[in-house]
Amino acid sequence: MTQVTLKAGEFTVDADLIAAAFALDQQAVQARMRAGEITSRCATGVGDDEGRFQLSFHYQSRALRLIVDGSGRILSKAMEVTGHRRRAAAASAPSA
């Protein structure tokens, strides 16, 4: 399997790629995604970046950022320290 595929407008990323980035095994990645501990976002490029996509995966205080083209080919890969992420939006909501 290619590490990133695009089918019917949706990306699929091989869990091994995410696991390696966060020093986890594949089963841990799947469990943490189901639990909402690993989150993901996709941004579509505009202007000079049209036809490219940024796939971001966040876990604890780190982020894996992949830039891919429309065929899913990885153009760049970067890890970033992002600081502390709150687990749930409700935790940051003020009490009434």
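This text goes with the structure placed above it.
Attention here is on the structure that accompanies the text. Predicted model, so just to flag it, every value in this text is computed and none were measured. (Residues numbered from 1 in each chain as written. Predicted model: local features only at pLDDT ≥ 70, side-chain atom pairs only at ≥ 80, totals over all residues. Heavy atoms only, no water.)

Re the pattern of salt bridges
A side chain with one charge can pair with a side chain of the opposite charge if their charged atoms come near. This is how it is decided: When a carboxyl oxygen of Asp or Glu is within 4 Å of a side-chain nitrogen of Lys or Arg, the pair counts as a salt bridge. Helix and strand labels come from DSSP, where a helix needs a run of H or I of at least four residues and a strand needs a run of E of at least two; each type is numbered from the N terminus.
A full pass over the atoms with the stated rule returns four salt bridges. A salt bridge links Asp49 to Arg52; the shortest N-O distance between them is 3.9 Å. Residue Glu80 is joined to Arg65 by a salt bridge in which the shortest nitrogen-to-oxygen separation is 3.0 Å. With a gap of 15 residues between them, Glu80 in strand 6 (residues 74-81) and Arg65 in strand 5 (residues 62-69) connect regions that are remote in the sequence.

Notes on the packing of helix 1 (residues 15-22) against helix 2 (residues 26-34)
A pair of packed helices is captured by two measures, namely the crossing angle of their axes and the spacing between those axes. The following threshold applies: Only C-alpha atoms enter the line fits that serve as axes; for helices the fit covers just the stretch in contact. Angles between N-to-C directions range over 0 to 180 degrees. An angle below 35 degrees is read as roughly parallel, one above 145 as roughly antiparallel, one from 65 to 115 as roughly perpendicular, and any other as oblique. Contacts are assigned to residue pairs with any non-hydrogen atoms lying within 4.5 Å of each other. Three residue categories are used. Nonpolar comprises Ala, Val, Leu, Ile, Met, Phe, Trp, Tyr, Cys and Pro, charged comprises Asp, Glu, Lys and Arg, and polar comprises the others, including Gly.
With their axes 8 Å apart at the nearest point, helix 1 and helix 2 run at an angle of 95° to one another. On the basis of the axis angle, helix 1 is roughly perpendicular to helix 2. For the pair formed by helix 1 and helix 2, the contact residues are Ala15, Asp16, Ile18 and Ala19 on the first element and Gln26, Val29 and Gln30 on the second. Partitioned by chemical class, the residues of the contact of helix 1 with helix 2 number four nonpolar, two polar and one charged.

Comments concerning the environment of Asp69
Here is the rule: Exposed residues in this analysis have more than 50% of their type's maximum accessible area, buried residues have under 20%, and partly exposed residues fall in between, with area computed by a 1.4 Å probe over protein chains only. Polar contact is the term for a pair of N or O atoms within 3.5 Å; when the atoms are in protein, one must be able to donate a hydrogen and the other to accept it, and sequence-neighboring residues count only if both atoms are side-chain atoms.
Along the polypeptide, Asp69 turns up in strand 5. The exposure class of Asp69 is buried, given its relative accessible area of 15%. Ignoring any residue separated from it by four or fewer positions in sequence, one finds Asp69 in contact with Phe11, Gly51, Phe53 and Leu75. Within the structure, Asp69 has its side chain in polar contact with the side chain of Ser71 (distance 2.7 Å).

Examining the side chain of Ser56
In this structure, Ser56 sits in strand 4 (residues 52-59). Ser56 gets classed as buried once you look at its relative accessible area, which sits at 4%. Within the structure, Ser56 has its side chain in polar contact with the side chain of Gln54 (distance 3.2 Å). In terms of polar contacts, Ser56 uses its side chain to reach the side chain of Arg65, at 3.0 Å. In contact with Ser56, other than residues within four places in its own chain, are Thr39, Ser40, Arg41, Leu64 and Arg65.

With respect to helix 1
Along helix 1, the positions that sit buried rather than exposed are Ala15, Leu17, Ile18, Ala19 and Phe22. If you follow the buried residues of helix 1, they end up packed against strand 1 (4-7), strand 2 (10-13), helix 2, strand 4, strand 5 and strand 6. You can read the cap of helix 1 off the contacts: a side-chain oxygen lies 2.9 Å from the backbone nitrogen of Asp16, and it is on Asp14. Downstream of helix 1 by one or two residues, Ala23 has phi in the positive range, about 55°.

That's the geometry; what it means functionally is another story.
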